[in-house]
Amino acid sequence: MKLEINNVRKSFGTKQVLKGVSLTAESGKAFGLLGRNGAGKTTSIRILMDVFPADSGEVLFDGKPIDYSKIQFGYLPEERGLYPKKKIIDQLIYFAQLKGLSHRDAAASADYWLERLGMTEYRSKRLDTLSKGNQQKIQLITALAHDPQIVILDEPFSGLDPVNAMLLKDVVKEEIAKGKIVLFSSHQMNYIEEFCDSIAILNDGQIVLSGDLRTIKRNYPRNRLLVRSEQQEEIKAALGSCCTEDDNGALLITLQSPAEKQAVMQNLTDRFDIDEIKVFEPSLNDIFVEYAGAQK
């Protein structure tokens, strides 16, 4: 399956929010949609889900205009949207029925997901009696219970402790392995970097960078080495101004040319006790700050 947004534009009054956005997400892979607040992520997602129409452009599924009567979306919103005073199982069945499941199938799916996420004991409780993290897990069930082809997760790890974050990671990996299209929107770059094969960065309503994340990283100049050693002070003294320390305490050595890296690495390992040495690649956070750090 392939989901495409082609040259989508959207304005609200005199404010142009999207300025010709195009992106492609494929099944069996996770896609990261990134951007600062106000960059256009939420508007793109709402157009993608047919919440409101674009002014121009198109949404395609497998090369054809998407048929929303046949393609199911599962959406985990950043702002949660369940009923705090209602019983959890009643809500889960209700939302699954809205997506086309029979009452029997909705109940069976809800119970499966409650067990999968370790929430069976809360089945008959009101939502507002749960912790924030457990409410997040119930919200996730509403996004997955109807077995959608396309899953959109907006800040999915918000409020989760490390144990529940690990559980959610496993669930997301299972959905990707089933061949679904999974789209992430998050400010937690470590999760995007862990899951997503491809990314698109929005800035002021335009895509400023998109593509395969590994390729993007490898296209950066490979003229820096990252070094960790118990002799870092001696290395800095030996190399002078080309050697600096990053925020994590590792050394960054800037070479005059990428062609020098093998010789420099050999020289360092011969002269010093080196724990780690490798070509430095920017993190997704570094890339995000570079491309989205300043709104236009």
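Above: the structure in question.
J.: Would you mind showing me how to read the sheet that holds strand β8 (residues 181–185) here?
T.: Two pairing modes exist for strands in a sheet, parallel and antiparallel, and in both the strands are linked by backbone hydrogen bonds. Within the open sheet, the six strands sit side by side as β6-β7-β8-β3-β9-β10. Their pairing is mixed. What marks the edges here is a single partner per strand, and that holds for β6 (73–76) and β10 (206–212). Strand-to-strand, the axes of this sheet are offset by a mean angle of 15°, without reference to chain direction. Pairing analysis gives five bridges linking strand β7 (residues 150–154) to β8, with the strands arranged parallel. In the strand pairing of β8, V151 is matched with V182. Seen against the sheet, helix α1 (residues 41–48) touches β3 (29–35), β6, β7, β8 and β9 (198–203) and runs at an angle of roughly 135° to β3. On top of the sheet, helix α5 (residues 162–177) reaches β3, β7 and β8; it is set at about 140° to β8, its chief contact.

J.: Whenever I open this one, a nonpolar patch on the surface confuses me. Can you help?
T.: Taken together, the side chains of Y83, Y94 and L98 present a nonpolar region at the surface, about 330 Å² in accessible area. Relative to the elements of secondary structure, Y83 occurs in the loop between β6 and α2 (88–98).

J.: Could you clarify how one ought to interpret the environment of P282 in this entry?
T.: Counting through the fold element by element, P282 comes out in the loop between β14 (274–279) and α10 (284–292). For P282, a relative accessible area of 6% corresponds to the buried category. Sequence separation between P282 and N223 is 59 residues; the distance between their C-alpha atoms is 12 Å. Among residues more than four places away in sequence, those in contact with P282 are K217, Y220 and I287.

J.: Looking at this model, I keep getting lost on the packing of aromatic side chains. Mind explaining?
T.: The way to describe two aromatic rings as a pair is by their centre distance and the angle between their planes. One pass over the full model with this rule turns up eight aromatic pairs. Ring centres of Y94 and F95 lie 5.3 Å apart, and the angle between their planes is 65°; on these two criteria the pair is classed as edge-to-face. When the ring of F157 is compared with that of Y191, the centres are 3.8 Å apart and the planes differ by 10°; the resulting orientation is stacked. Here F157, found in the loop between β7 and α5, pairs with Y191, found in helix α6 (residues 189–195); they are 34 residues apart in sequence, far enough to count as distant. The residues F157 and Y191 share a single accessibility class, namely buried. Ring-pair connections join several aromatic residues into one group, and the members of that group are F157, F184, Y191 and F195.

Here is what the cut-offs are and how they apply
Residues numbered from 1 in each chain as written. Predicted model: local features only at pLDDT ≥ 70, side-chain atom pairs only at ≥ 80, totals over all residues. Heavy atoms only, no water. Pairing = 2+ DSSP bridges. Helix = DSSP H or I, 4+ residues; strand = E, 2+ residues; numbered from the N terminus. Axes fitted to C-alpha atoms, helices over the stretch in contact; angles between N-to-C directions. Contact = heavy atoms within 4.5 Å. Patch = residues over 30% accessible without salt bridge, like charges linked within 9 Å, V, L, I, M, F, W, Y side chains within 5 Å. Areas by Shrake-Rupley, 256 points an atom, 1.4 Å probe, with all protein chains shown as cover. Salt bridge = Lys/Arg side-chain N within 4 Å of Asp/Glu carboxyl O. Buried < 20%, exposed > 50% of the residue type's maximum accessible area, 1.4 Å probe, protein only. Phe/Tyr/Trp six-rings, centres within 6.5 Å; stacked < 30°, edge-to-face > 60°.

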